[in-house]
Amino acid sequence: MEAYRYDYSEWVTLNGDRQNIRIRSQDLRNPVILFLHGGPGVCDRHLVLKNQSGLSRDFTLVMWDQRGSGKSFTRASLQKEVHVDDYVADAQQLVEYLCRKLQKQAVILACHSWGTVIGLQLAAQESARIAAYIGQGQFVNGAENERLSWQFCLEEAKRLGDQKAVERLSGIAPVDGHYPNQKAMMIQRDYLTKYGGGNYKEHSGMIKSLLLPLLKTKEYSIADILRYAQGGTHLSGVLWDEVVACRFDETVQALEMPVLLTMGRHDYNTPAALAQGWFQTLKAPYKEWAWFEESAHSPIWEEPEKWGDAVRRFCLEHTHC
């Protein structure tokens with residue numbers, strides 16, 4: 001097992017809320033990559049550390065359990081009103097903290113799924129502090145996202161002759177991004193995972209795909225996992241309306257830093273066709289699209305070596321931080 005010179009977790013207070021970050025690096029003078037996890041509430045530090053620790057030779061890796069998520073969850077989180085803007089503001093304060101602590105002018109954002117909702121807005125608002133934007137499972141338009149994701153599941157159910165799934169999915173079609181209720185949304189996401197639109201190689205249900213990696217890691221204790229589950233369930237409900245209202249194809253048409261999109265060819269959680277349309281018209285000083293042919297929603301651990309190599313090369317060639 002490789003030894004890391006800097007390898008620790010730390011508590012930080014962001015906009016009055018105590019939250020946990022995880023740092024791994026061989027040299028704190030190296031450029032900083034801040035990972036913004038998906039969900040809301042689906043922390044992934046354990047998977048980043050498992051699959052991308054090789055990047056810590058050239059970069060300082062920072063994983064953040066966001067407000068009300070994972071290690072940052074408390075029972076009080078269930079009583080606090082939260083909005084997407086709160087997460088953007090937290091991320092802004094965290095970037096400022098890291099720049100001050102690690103003596104950097106800017107950090108690199110590596111955003112996944114829901115993390116792209118936060119990171120894209122942050123990059124558009126705080127360009128001086130963001131050295132590069134890396135998107136994965138890029139979210140673009142909430143209503144179209146859910147229509148295409150649901151449609152994929154229904155078509156796969158028909159192709160596979162799964163009549164029960166056809167019946168269940170036919171009764172929960174989203175309208176302008178909204179399912180009849182949260183249970184219906186979870187049903188759709190479960191079929192999405194089973195049909196390979198979430199993880200291309202492992203067609204297991206959503207609970208199994210999330211739970212087993214957590215049980216196998218030392219990053220989260222059993223108590224942490226219970227908090228993780230509470231936070232994820234709560235946040236997906238209270239933030240859904242605001243998330244599906246996002247229309248980044250209309251509101252974010254230019255970025256002032258280099259952009260890399262690392263997209264799974266088989267992603268139907270955030271259908272890649274939407275990201276392609278947005279990317280083609282996006283104005284940026286440099287932009288690059290990387291397909292991952294054996295991945296769906298998460299190339300970072302579906303094709304970890306290829307993803308790490310693409311990120312390392314892009315960051316070393318196109319960022320100066």
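Everything here concerns the structure above.
Here the structure is a predicted model, which means the values were calculated and not measured.

Observations concerning the overall build of the protein chain
Scanning the protein chain from N- to C-terminus turns up 13 helices and eight strands. Reported as C-alpha extents along the three principal axes, the dimensions of the protein chain are approximately 55 × 45 × 40 Å. Per-residue burial over the protein chain gives 58% buried out of 321 residues. Across the protein chain, the fraction of contacts at a sequence separation of at least 24, relative to all contacts at a separation of at least 6, is 74%. With an accessible surface of roughly 13900 Å², the protein chain has 50% of that area assigned to carbon and sulfur atoms. For the protein chain, the centre of its 36 positive side-chain charges and the centre of its 39 negative side-chain charges are spaced 5 Å apart.

Some points on the side chain of Glu303
Looking at the element boundaries, Glu303 is found in the loop between helix H12 (299-302) and helix H13 (304-318). Buried within the structure, Glu303 lacks any salt-bridge partner; its nearest side chain of opposite charge belongs to Lys306, at an N-O separation of 4.4 Å. Sequence-distant contacts of Glu303, defined by excluding residues within four places in its chain, comprise Phe292, Glu293, Glu294 and Ser295.

Observations concerning unusual backbone geometry
Between Gly39 and Pro40 the backbone carries a cis peptide bond, its omega angle lying at 5 degrees. Within the secondary structure, Pro40 is located in the loop between strand E3 (32-36) and helix H1 (45-52). For Ser113, which is not glycine, the phi dihedral falls at a positive 60 degrees. According to the relative accessible area criterion, Ser113 is buried, its value standing at 12%.

Things to note about the environment of Val238
Within the secondary structure layout, Val238 lies in helix H8 (residues 222-238). When the C-alpha positions of Val238 and Gln182 are compared, they lie 9.9 Å apart, and in sequence the two are 56 residues distant.

So, the packing of helix H5 (residues 163-170) against helix H6 (residues 182-194)
In contact at an axis separation of 10 Å, H5 and H6 are set at 140 degrees when each is read in the N-to-C sense. In this structure, H5 meets H6 at a crossing whose hand is left-handed. Packed against H5, whose contacting residues are Ala165, Arg168 and Leu169, the element H6 presents Ile187, Gln188 and Tyr191 at the interface. Each residue belonging to the contact of H5 with H6 can be placed in one class, and the counts come to four nonpolar, one polar and one charged.

Considering the sheet that holds strand E2 (residues 17-25)
Spatial strand order, E1-E2-E4-E3-E5-E6-E7-E8: eight strands in an open sheet with mixed pairing. Each of the sheet's edge strands pairs with one partner strand only, and the pair in question is strand E1 (6-14) and strand E8 (287-292). Neighbouring strand axes in the sheet, compared pairwise and without regard to direction, differ in orientation by 20 degrees on average. When strand E7 (residues 259-264) meets E8, the two strands line up parallel, connected through six bridges. Looking at the pairing, Leu260 lines up with Glu288 of E8. Of the strands in this sheet, E3, strand E5 (107-112), strand E6 (130-136), E7 and E8 touch H13, which is tilted by about 170 degrees from E8.

Details of a nonpolar patch on the surface
The grouping of Leu211, Leu212, Leu215, Ile222 and Leu226 at the surface amounts to a nonpolar patch, some 460 Å² of accessible area in total. Elements with a contribution of two residues or more to the nonpolar patch: helix H7 (206-216) and H8. The greatest single-element share of the nonpolar patch, amounting to three residues, is contributed by H7. With respect to the helices, strands and loops of the structure, Leu226 is situated in helix H8. Residue classification places Leu226 among the exposed positions, given a relative accessible area of 55%.

Details of the pattern of salt bridges
According to the stated counting rule, one finds 20 salt bridges in the structure shown. Of the charged contacts, one joins Asp224 and Arg227 as a salt bridge, the two residues approaching to 2.6 Å between their closest N and O atoms. Of this pair, Asp224 and Arg227 are both found in helix H8, three residues apart, which corresponds to roughly one turn of the helix. Look at Asp224 and you get buried, because its relative accessible area is 7%. Overall, Arg227 belongs to the partly exposed group, its relative accessible area being 28%. Salt bridges sharing partners connect three or more residues here, namely Asp7, Arg22, Arg24 and Glu219.

Each value, and the rule that gives it
Residues numbered from 1 in each chain as written. Predicted model: local features only at pLDDT ≥ 70, side-chain atom pairs only at ≥ 80, totals over all residues. Heavy atoms only, no water. Helix = DSSP H or I, 4+ residues; strand = E, 2+ residues; numbered from the N terminus. Buried < 20%, exposed > 50% of the residue type's maximum accessible area, 1.4 Å probe, protein only. Contact = heavy atoms within 4.5 Å. Areas by Shrake-Rupley, 256 points an atom, 1.4 Å probe, with all protein chains shown as cover. Lys, Arg positive; Asp, Glu negative; His and termini not counted. Charge placed at Lys NZ, Arg CZ, Asp CG, Glu CD. Salt bridge = Lys/Arg side-chain N within 4 Å of Asp/Glu carboxyl O. Axes fitted to C-alpha atoms, helices over the stretch in contact; angles between N-to-C directions. Left-handed = near helix turned anticlockwise from the far one by under 90°. Nonpolar A, V, L, I, M, F, W, Y, C, P; charged D, E, K, R; others polar. Pairing = 2+ DSSP bridges. Patch = residues over 30% accessible without salt bridge, like charges linked within 9 Å, V, L, I, M, F, W, Y side chains within 5 Å.

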